[in-house]
Amino acid sequence: MRGNGRGAWAERFASAWTELRENLPRAVLQTLGVILGVASVVGGFSISDSQRQQANRLFVRVGGLDKLNVLPSEVIDDGSPTALQTANLGLRTADSERGRELDAKLVGGVSEQKLLRSRVRSPLADQERQVTGIGGDYLALNGYDVERGRRFSLHDMETAAPVAVIGSEAAADLFPTGEIVGRPLRIGDVPVTVVGVLREKVFRFHDGQRNLFAWRNRLVAVPATLVTRRMQGDAYRRLDRVTFRIPDLKAMVLFSRSLDSLLRASHRLQRDFRLDDVAKRVKRMMSQGDVYNVVFLLSGILALLGGGMVNVNIQMASLKDRVREVGVKMAIGASGGEIFKGFMTEALLMTVFGTCLGLVVGVVFSKVITASIGVPLAISVASFGWAAALAGAFGFLFALYPAWKASRLSPMEALRYE
Amino acid sequence: MPPIIETHQLTKVFGSNGNAVHALRGIDLTVGEGEFVALVGPSGSGKSTLMAILGCLDSPSGGSYALAGRWVHDLSGGELARVRNEKIGFIFQSYNLLPRASVRRNVELPMLYAGLGRRERRRRADELLEQVGITDKADALPAQLSGGQRQRVAVARALANRPALLLADEPTGALDSHTGQEVLALFRELHALGNTVLLVTHDPTVAALAERQVEIHDGLVRAAGGGEGGQGAEAAAGTEGRAGAEAAAGAEAAA
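Residues numbered from 1 in each chain as written. Chains lettered and ligands numbered in written order. Predicted model: local features only at pLDDT ≥ 70, side-chain atom pairs only at ≥ 80, totals over all residues.

Enquirer: Describe the overall build of chain A, with residues and values.
Expert: Scanning chain A from terminus to terminus reveals 15 helices and 10 strands. By residue count, 39% of the 418 residues in chain A fall in the buried class. Of all intrachain contacts in chain A linking residues separated by at least 6 positions in sequence, the fraction that spans at least 24 positions is 82%. (Helix = DSSP H or I, 4+ residues; strand = E, 2+ residues; numbered from the N terminus. Buried ≥ 20, exposed ≤ 12 C-beta atoms within 10 Å, placed from the backbone. Contact = placed C-beta atoms within 7 Å.)

Here it is as structure tokens:
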């Protein structure tokens, strides 16, 4: 095994492997430290990642992390408005079109909303209800599916057609019996025809909880244009809300900034609108779970540290055994350097095996944990890198001392060691 | 042909000035090639220290030592390891086999350090085990072997790299007399094949088997006598030894 050629190292690895097998209990104990450390890093990262992704998914389903809202806002706090301020028309369909044109690739959908409280009468019911004037991709953006009938066509929206789409609960309230699509409805003084009924939306955090989306099923929707033109006397046809869907969260901050300046420019530099604070939201989303990552990284480091100490302890406990061995090897021709390389090779092998096993254990562990709390498992690939790097560093550091000690033994003393 | 062992005024001091122990106080010893020499002396005589230095396990405090024509008294640790590997085969009283390694691997180990290939190691190990008569135990662990068998494995291991010198330290000390005789017979056999053997023992009956006895007392060579039936060889070695000593002195003068 003299020298440092490839053959010598191959022999060294083969020899280290044989010695590990010959001293299996010791090798297993030493590897255990690495396994636990790596498993705790991988498991911790993966569990916290799974949690975070689940939280994001819920957020998307519940409120929409990917939605950027534009709302009208009062320009003046008090006093009488200036001519410039009154010259503005407020939030309108033109704004949603400008936004879409700003970056067609980025925008996954735009919806408009105009709210109205009104008398809603069907042949069987007469209620005071909220009516929602909708435009753009409102139904798709809010996750509605049409169960029967159809959704609004572009033509409906442009011509302010007297049509309505209603949610499942609203349908049950207004038309307890019979076919619904095609039946008349009177909203205020405007007669409309129901053209579609939406599928019931259900969302519960846990089974048995009440349906958090019940309110969505109460929707009575008509084209926003119908509300602005025929139900409200607003000559400017202003909207209550424009929502952009930006699937790429990372691009959202930039998009919101350029949208802000675009709208400001087209609103004569008056801030009569308000955008969601996207930067804050994205930052919060990104930092969510960072605390856990640090905690798990720390616990992994601690586990590896503990494992390393255990290793040193085991090395020291088996010192008598090992010193005699080292003495014998030196007597038959192993140099101090060779002993050192032998120890380090063994440590390297144990670290590599421990890391691989630890990765498996960590994945299995996080699978069990995430399954028990009902969260889909998301394996954090970065954690593999972290765990392997840490295990390598600790494995190397903690192997160094015993290896150095052994290599410095004098053969005579080592042979006589009792 | 230079002698295998040639020492000149070899000294070894343990400890420092105040409580220094002079284990060796000037050993002149010459062992020629093919000799079978017994190093005898009571415990504390310095023979173990001498053996350690002759075996390149330790360095002398003073004097010179040439092993098979090469000065080794001032070599570094790594170089000494190489000399041990190539030139010396050790046989210990307590066998000193690796307890969890198979018999074959124990025998292969010196060849591994020498850089021999796997196939070559295995071939030679099997050959050696056959030579010492324990072919069937190649895959056993040392603990599964009797004392005599273990010592045979140790002998096989010592022979692995065809050393210039076999150095046996009380090889029969842990064996019953019958097994001890068998092992000693093996040494005589190896000697007959041309190996140079240096046997360290406190037992006069064991020492009597050697061609020549060197008695160590208080760190000095006290007497050298012939063993049974080796007079001619001893005489030859003696002349060679003297020639070697002169050569050594010359080399020192040159240096």
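Enquirer: So what's going on with the overall build of chain B? Which residues, and what values?
Expert: Along the backbone of chain B there are eight helices and 10 strands. Within the span of chain B, comprising 255 residues, buried residues form 51% of the whole. Across chain B, every contact between residues at least 6 apart in sequence was considered, and the portion connecting residues at least 24 apart equals 69%.

Enquirer: Could you give me a rundown of the interface of chain A and chain B, with the residues and numbers involved?
Expert: Between chain A and chain B, the residue contacts involve 23 residues of the former and 22 residues of the latter. Of all the elements in the fold, those that place two or more residues in the side of chain A that touches chain B are α1 (6-22), α12 (319-331), α13 (336-372) and α15 (411-416) of chain A. For the side of chain A that touches chain B, the element with the most residues is α1(A), which contributes five residues. The residue inventory of the side of chain A that touches chain B, partitioned by class, reads 10 nonpolar, eight polar and five charged. (Nonpolar A, V, L, I, M, F, W, Y, C, P; charged D, E, K, R; others polar.)

Enquirer: Before we move on, could you go through the confidence of the model for chain B and cite the residues and values that matter?
Expert: Residue and element names in this part refer to chain B. The pLDDT averaged across chain B works out to 84; a share of 87% of its residues lies at or above 70. Low pLDDT (under 50) marks residues 227-255, which in the prediction has 37 contacts with non-local residues, meaning those over four places away or in another chain. Two numbers describe this predicted complex: its pTM, 0.67, and its ipTM, 0.84. (pLDDT = per-residue confidence, 0-100.)

Enquirer: Account for helix α3 (residues 103-114) of chain B, naming residues and giving values.
Expert: Residue and element names in this part refer to chain B. Counting buried positions along α3 gives 11 out of 12 residues, so the element sits mostly inside the fold. Residues of α3 that are buried: Val103, Arg104, Arg105, Asn106, Val107, Glu108, Leu109, Pro110, Met111, Leu112 and Tyr113. Looking one or two residues beyond α3, the residue adopting positive phi is Gly115, at roughly 90 degrees.

Enquirer: Hey, could you go over the confidence of the model for chain A for me, with residue numbers and the actual values?
Expert: In the predicted model, chain A carries a mean pLDDT of 84, and 93% of its residues have values of at least 70. Least confident of the elements in chain A is helix α10 (residues 278-287) of chain A, whose mean pLDDT is 70; most confident is strand β5 (residues 163-166) of chain A, at 95.

Enquirer: Summarise the pairing of strand β3 (residues 36-40) of chain B; cite the residues concerned and give the values.
Expert: Residues and elements named next belong to chain B. Within β3, five of the five residues are buried, which leaves the element mostly enclosed by the surrounding structure. Taking every second residue as pointing to the same face, both faces of β3 are buried, with Phe36, Ala38 and Val40 on one and Val37 and Leu39 on the other. Pairing between β3 and strand β8 (residues 197-201): five bridges, direction parallel. Counterpart to Val40 in the pairing with β8 is Thr201. Note: β3 against strand β9 (residues 212-217), four bridges, orientation parallel. When the sheet's bridge partners are listed, Val37 is paired in β9 with Arg212. (Pairing = 2+ DSSP bridges.)

Enquirer: Provide a residue-level description of the environment of A:Thr31, including the pertinent values.
Expert: Residue and element names in this part refer to chain A. Relative to the elements of secondary structure, Thr31 occurs in helix α2 (residues 24-62). Sequence-wise, Thr31 and Gly358 are 327 residues apart; in three dimensions their C-alpha atoms are separated by 9.4 Å. Not counting chain neighbours up to four residues away, the residues in contact with Thr31 comprise Met350, Phe353 and Gly354.

Enquirer: Quick one: what's the story with the sheet that holds strand β4 (residues 62-67) of chain B, residue by residue and with numbers?
Expert: Strands belonging to one sheet form pairs held by backbone hydrogen bonds; the direction of such a pair is parallel or antiparallel. All names here are of chain B. With antiparallel pairing, four strands are arranged side by side in an open sheet as β2-β1-β4-β5. Either end of the sheet is taken by a strand with one partner, and the two such strands are β2 (21-31) and β5 (70-71). Bridge count for strand β1 (residues 5-14) against β2 is eight bridges, and the pairing is antiparallel. Within the sheet, the bridge partner assigned to Thr11 lies in β2 and is Arg25.

Enquirer: Please give an account of unusual backbone geometry that cites residues and values.
Expert: Although it is not a glycine, A:Leu269 sits at a positive phi angle of roughly 65 degrees. What makes A:Leu269 exposed here is the crowd of 9 C-beta atoms within 10 Å. The phi torsion at B:Ala68 lies on the positive side, around 50 degrees, for a residue other than glycine. Relative to the helices and strands, B:Ala68 is located in the loop between β4 and β5. Judged by C-beta crowding, with 20 C-beta atoms within 10 Å, B:Ala68 ranks as buried.

Enquirer: So what about the packing of helix α4 (residues 118-132) of chain B against helix α5 (residues 147-159) of chain B? Which residues, and what values?
Expert: Residue and element names in this part refer to chain B. Two elements in contact, α4 and α5, have axes whose closest approach is 9 Å; the angle formed by their N-to-C orientations is 135 degrees. It follows that α4 is oblique to α5 by the angle criterion. Between α4 and α5 the crossing geometry is right-handed. Residues Leu128, Leu129, Gln131 and Val132 of α4 form the contact with α5, whose participating residues are Arg152, Val155, Ala156 and Leu159. In terms of residue class, the contact of α4 with α5 is made up of six nonpolar, one polar and one charged. (Axes fitted to C-alpha atoms, helices over the stretch in contact; angles between N-to-C directions. Parallel < 35°, antiparallel > 145°, perpendicular 65-115°, else oblique. Left-handed = near helix turned anticlockwise from the far one by under 90°.)

Enquirer: Summarise the nonpolar core; cite the residues concerned and give the values.
Expert: One finds A:Val38, A:Ala387, B:Leu39, B:Leu67, B:Leu167, B:Leu198 and B:Leu199 to be the most contacted residues of the largest nonpolar core, which totals 113 residues. By residue number, the principal contributor to this core is helix α14 (residues 381-407) of chain A, which donates 10 residues. (Core = buried A, V, L, I, M, F, W, Y, C linked by C-beta atoms within 7 Å.)

Enquirer: Could you give an account of the pairing of strand β3 (residues 126-136) of chain A, with specific residues and numbers?
Expert: A regular strand places its side chains on the two faces of the sheet in alternate fashion. Residues and elements named next belong to chain A. For strand β2 (residues 109-121) and β3, the ladder comprises 11 bridges, and the chain directions are antiparallel. Among the inter-strand pairings, Ser118 is bridged to a residue of β3, identified as Arg129. In sequence, β2 turns back onto β3 through a hairpin of four residues. Both β3 and strand β8 (residues 220-223) contribute to a ladder of three bridges, which runs parallel. What sits directly across from Ile134, in β8, is Pro223.

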